[in-house]
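Report on the structure
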Amino acid sequence: MNEPALLHFLILGAILFACGIFGLLTRRNAIGILMSIELMFNAAAVNFVAFAKYVAPQAMAGQIFAVFIITVAAAEAAVGLAIVMLLYRNFKGIEVDKINFMKW
Amino acid sequence: MNLLVFYILAILAAGSAIMVVTMKNIFHSALFLVLTFFSVAGIYVLLNAEFLAAVQVLIYVGAITILMIFAIMLTHQLFSRSLRQVNEQVIPASLITFIFFVLSVVALAKTAWPVSGGQLPEDRIFEIGKLLMSEYVIPFEVVSVVLLVALVGAIIIGRREKSGDTK
């Protein structure tokens, strides 16, 4: 048994996703939140690629969808950072707990 | 042998992911994010996804992290360490994260995955290109539209508004 099994990769994905959730819940800085979201995207992509190898190797759908995940993550980062720059310009800071003018 | 490589890469990825979310200085978080992405690229190589490993290094390490570092440099007073980086919900958040992690590991371990003994195709990059242009051509086109819209949206959002004048 010298090969890593499917469960190893899934647990690695769970660890990365849990880190992402923790960062998402605790960061005050909007860029930190974006980084946590990127971690969660990566966790999902690791799971997809692991399933592509172990569950349905002939179809390769997992690898294709990991490509799509990376593309969507790039789009998300571009829009998210544009919003961060706009927030900085309007509020002189990107601490998300200070930006609550839409809160009722 | 592969198991040893996996453990090294996994510990590197998980450890630097934890550093990303716990570091006091957001710039150091960004640098640890680079390390996480590199280790995940190694994991992809281990999973016979060489194309994805290359794309991961190019897009995540080369583009997204650099963009984040740009944004940090532009927005943040980097050397004012007095700025608190975490809010006051650290304890409930770590509790929630821990519960989520334990539950998902239990669920993953208890599920009987339909592991097939088959192999990935021999020429995988060729296969990905063929599939993207045949079976997955509609998602491929949609994702290119998403990228275009994100590009336009980012420009519109980031543009400095001139108040009132039309020029």
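Quick note: structure is the one above.
A short tour of the structure in this document, coming up.

Before going further, it helps to spend a moment on the overall build of chain B. The secondary structure content of chain B amounts to 6 helices and 0 strands. When the helices and strands of chain B are listed from N to C terminus, the series reads α-α-α-α-α-α. Taken over C-alpha atoms, the radius of gyration comes to 21 Å for chain B, far larger than the 15 Å a tight globule of 167 residues would show. Looking at chain B as a whole, 35% of its 167 residues qualify as buried. Long-range pairs, those at least 24 residues apart, make up 51% of the contacts in chain B with a sequence separation of at least 6. A total accessible area of about 10,300 Å² is found for chain B, and carbon and sulfur atoms account for 74% of it.

On to the interface of chain A and chain B, then. Residue-level contacts link 73 residues of chain A with 84 residues of chain B. Summed over both sides, the interface of chain A with chain B buries roughly 7,100 Å², with 76% coming from carbon and sulfur. The largest contributions to the chain A side of the interface with chain B come from Arg27(A), Met35(A) and Ile70(A), which together make up 10% of the buried area. Across the contact surface, chain A and chain B share 0 salt bridges. In this assembly, chain A and chain B are joined by 12 residue pairs in polar contact (both at pLDDT 80 or more). At 24 residues, the largest contribution of residues to the side of chain A that touches chain B is made by helix H3 (residues 61-91) of chain A. Classifying every residue of the side of chain A that touches chain B gives 55 nonpolar, 11 polar and 7 charged.

Overall, the coordinates contain 9 aromatic pairs over all chains when judged by the stated rule. Each ring, one from Phe17(A) and one from Phe100(B), has its centre 5.6 Å from the other, and the planes form 40°; the classification is tilted. Of this pair, Phe17(A) sits in helix H1 (residues 6-26) while Phe100(B) sits in helix H4 (residues 90-110), which puts the two residues in different chains. Note on Phe100(B): relative accessible area 29%, which makes it partly exposed. Ring centres 6.3 Å apart and planes at 20° place the aromatic pair Phe48(A) and Phe65(A) in the stacked group. Separated by 17 residues along the polypeptide, Phe48(A) in helix H2 (residues 30-54) and Phe65(A) in helix H3 bring together distant segments of the chain. Taken together, the ring pairs connect Phe9(A), Tyr54(A), Phe6(B) and Tyr7(B) into an aromatic cluster.

Now for the nonpolar core. Counting 60 residues, the largest nonpolar core has Phe9(A), Ile31(A), Met35(A), Ile43(B), Tyr44(B), Leu52(B) and Met68(B) as the members making the most contacts within it. Mapped onto this core, the elements with two or more residues apiece are H1, H2 and H3 of chain A together with helix H1 (2-22), helix H2 (26-46), helix H3 (50-75) and H4 of chain B. Each residue touching Ile31(A), except ones within four places of it in the same chain, is listed here: Leu81(A), Val84(A), Ile94(A), Met68(B), Ala71(B), Ile72(B) and Thr75(B). Membership of the second largest hydrophobic core comes to 9 residues, among which are Phe68(A), Ile128(B), Leu132(B) and Tyr136(B).

About the criteria used
- Residues numbered from 1 in each chain as written.
- Chains lettered and ligands numbered in written order.
- Predicted model: local features only at pLDDT ≥ 70, side-chain atom pairs only at ≥ 80, totals over all residues.
- Heavy atoms only, no water.
- Helix = DSSP H or I, 4+ residues; strand = E, 2+ residues; numbered from the N terminus.
- Rg over C-alpha atoms; globule rule 2.2 N^0.38 Å.
- Buried < 20%, exposed > 50% of the residue type's maximum accessible area, 1.4 Å probe, protein only.
- Contact = heavy atoms within 4.5 Å.
- Areas by Shrake-Rupley, 256 points an atom, 1.4 Å probe, with all protein chains shown as cover.
- Buried area = accessible area lost by both parts, 1.4 Å probe.
- Salt bridge = Lys/Arg side-chain N within 4 Å of Asp/Glu carboxyl O.
- Polar contact = N/O pair within 3.5 Å; in protein donor to acceptor, adjacent residues only side chain to side chain.
- Nonpolar A, V, L, I, M, F, W, Y, C, P; charged D, E, K, R; others polar.
- Phe/Tyr/Trp six-rings, centres within 6.5 Å; stacked < 30°, edge-to-face > 60°.
- Core = buried A, V, L, I, M, F, W, Y, C linked by side-chain atoms within 4.5 Å.

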